[in-house]
Amino acid sequence: MKLYNNEMANSPRKVRMFIAEKNISDIEIINIDLMSGEHKSPEYRAIAPNSRIPALELEDGTVIMESTAICRYLESLYPEPNLFGENPIEIASIEMWQARIYNELMIPLAMAFRHLHPGMSEMEIQNKDYGETQKTIGIKSLKYFDAALAEAEFVAGDRFTFADIQMITTTDFFIGLNRLTLEDYPEIKRHSKLMSERSSFSA
Ligand SMILES: N[C@@H](CCC(=O)N[C@@H](CS)C(=O)NCC(=O)O)C(=O)O
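Residues numbered from 1 in each chain as written. Predicted model: local features only at pLDDT ≥ 70, side-chain atom pairs only at ≥ 80, totals over all residues.

**Student:** Can you help me understand the pairing of strand β2 (residues 28–31) in this one?
**Tutor:** Moving residue by residue along a regular strand, the side chains alternate between the two faces of the sheet. Summarising the sheet, strand β1 (residues 2–5) and β2 pair through 4 bridges and their orientation is parallel. From the neighbouring strand, Asn5 faces β2, where its bridge partner is Asn31. (Pairing = 2+ DSSP bridges. Helix = DSSP H or I, 4+ residues; strand = E, 2+ residues; numbered from the N terminus.)

**Student:** Would you take a moment to explain the environment of Asp26 for this structure?
**Tutor:** Along the chain, Asp26 falls in the loop between α1 (10–22) and β2. By C-beta crowding, Asp26 is classed as exposed, having 9 other C-beta atoms within 10 Å. For the pair formed by Asp26 and Glu90, sequence separation is 64 residues and the distance between their alpha carbons is 29 Å. (Buried ≥ 20, exposed ≤ 12 C-beta atoms within 10 Å, placed from the backbone.)

**Student:** Hey, could you run me through the site of the ligand in this one?
**Tutor:** Taken together, Ala9, Asn10, Ser11, Leu34, His39, Ser51, Arg52, Ile53, Pro54, Glu66, Ser67 and Met123 form the complete shell of residues around the ligand. Grouping the amino acids of the shell around the ligand by side-chain chemistry returns 5 nonpolar, 5 polar and 2 charged. (Near = placed C-beta within 6 Å. Nonpolar A, V, L, I, M, F, W, Y, C, P; charged D, E, K, R; others polar.)

**Student:** Explain the sheet that holds β1 to me, please; I cannot follow it from the model alone.
**Tutor:** In any sheet, the strands associate via hydrogen bonds between backbone groups, in a parallel or an antiparallel arrangement. Pairing is mixed in the open sheet, where 4 strands are placed in the order β2-β1-β3-β4. The open sheet has two edge strands, β2 and β4 (63–65), and neither has a second partner. Sheet twist, expressed as the average angle between the axes of neighbouring strands with direction ignored, equals 20 degrees. Strands β3 (55–57) and β4 of the sheet are contacted by helix α3 (residues 67–77), whose axis makes an angle of about 125 degrees with β4. (Axes fitted to C-alpha atoms, helices over the stretch in contact; angles between N-to-C directions. Contact = placed C-beta atoms within 7 Å.)

**Student:** Looking at this structure, I do not really get the environment of Ser36. What am I missing?
**Tutor:** When you line up the elements, Ser36 lands in the loop between β2 and α2 (42–47). According to the C-beta neighbour criterion, Ser36 is exposed, with 10 such atoms within 10 Å. Note: C-alpha distance between Ser36 and Ala152 (116 residues apart in sequence) is 42 Å.

**Student:** Explain the domain arrangement of the protein chain to me, please; I cannot follow it from the model alone.
**Tutor:** Bring the parts together and some accessible area is lost; that lost area is often taken as the interface size. When its domains are assigned, the protein chain resolves into domain 1 (2–77) and domain 2 (88–202). Each of domain 1 and domain 2 has a C-alpha centre, and these two points are 21 Å apart. Listed per partner, the contact involves 9 residues of domain 1 and 9 residues of domain 2. Its residues assigned to classes, the side of domain 1 that touches domain 2 comprises 4 nonpolar, 2 polar and 3 charged. (Domains from an automatic or database assignment.)

**Student:** Would you explain unusual backbone geometry in this entry?
**Tutor:** Trans peptide bonds make up most of the peptide bonds, and negative phi angles are found at most residues other than glycine. Here the bond from Ile53 into Pro54 is cis, since omega is 10 degrees, no more than 30 degrees from zero. Within the fold, Pro54 resides in the loop between α2 and β3. Look at the link from Glu80 to Pro81: it is a cis peptide, with omega at -10 degrees. With respect to the helices and strands, the residue Pro81 is situated in the loop between α3 and α4 (88–116). The backbone of Ser51 shows a phi angle near 55 degrees, a positive value even though the residue is not glycine. With respect to the helices, strands and loops of the structure, Ser51 is situated in the loop between α2 and β3. Ser51 sits in the partly exposed class, given 17 other C-beta atoms within 10 Å.

**Student:** Please explain the packing of helix α5 (residues 128–149) against helix α7 (residues 186–196) as it appears in this structure.
**Tutor:** In a packed pair of helices, the relevant descriptors are the angle between the two axes and the axis-to-axis distance. Where α5 contacts α7, the axes come no closer than 7 Å and their chain directions differ by 65 degrees. By the angle between their axes, α5 is roughly perpendicular relative to α7. Note on packing geometry: the crossing formed by α5 with α7 is left-handed. Listed contacts from α7 to Leu142, Phe145, Asp146 and Leu149 of α5 are Pro186, Glu187, Ile188 and His191. A per-class count over the contact of α5 with α7 returns 5 nonpolar, 1 polar and 2 charged. (Parallel < 35°, antiparallel > 145°, perpendicular 65-115°, else oblique. Left-handed = near helix turned anticlockwise from the far one by under 90°.)

**Student:** Looking at this model, I keep getting lost on α3. Mind explaining?
**Tutor:** Side chains three or four residues apart in an α-helix point the same way, a direct result of the helix having 3.6 residues per turn. Among all positions in α3, only Ser67, Ile70, Cys71 and Leu74 are buried. Take α3 and look down its axis: the buried residues cluster within an arc of 95 degrees, on one side only. The outward face of α3, more than 90 degrees from its buried face, is lined by the exposed residues Ala69 and Ser76. At its buried positions, α3 is contacted by α1, β3, β4 and α6 (162–177). (Arc of directions from axis to C-beta.)

Structure, rendered in structure tokens:
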């Protein structure tokens, strides 16, 4: 299998963390240069028509796009350690938290970054008003998820799961890039420290 990757971007980092947690060793990493627009080249589009990374190419040429879909595929191939839930309520809880973090936290913070950060002006037709609105929504969500994290050690209960990967890849990347600080979110800061102690954190 081949993983189309970029070391600086947050979506492929989810997959790299997942691979590290599962200790999977048969995936070749192929780096794609986003800054030079390699992901928009005809060669890469032929592999991943969405022009995004990550993408996972299987031995038979099948390509899976979307970081969560890739992780779900890998969970089926390598069930241990379980990261998507072991019983109906745990499966639902992990799905709920990972989807809520993605939709309510990651998307607004990502849009704020894309529309406000000077470094993104080459990659995005920036709309400052839209960026500011998304930043406000993102800050509201940070407060919400900070309070939610006070209820449990990990995002979806008492053990590490994919929901924690969704959270740490979002907070570690987008809080700083949006010129926000972890100091304002003590439970997210606690969670970040917990995640930074895992070897997969630097994958
Ligand atoms: N929902 C997708 C998002 C993929 C995505 O947007 N990847 C970014 C890097 S984090 C990308 O390829 N951006 C290129 C662009 O926006 O042109 C996933 O989770 O895989």
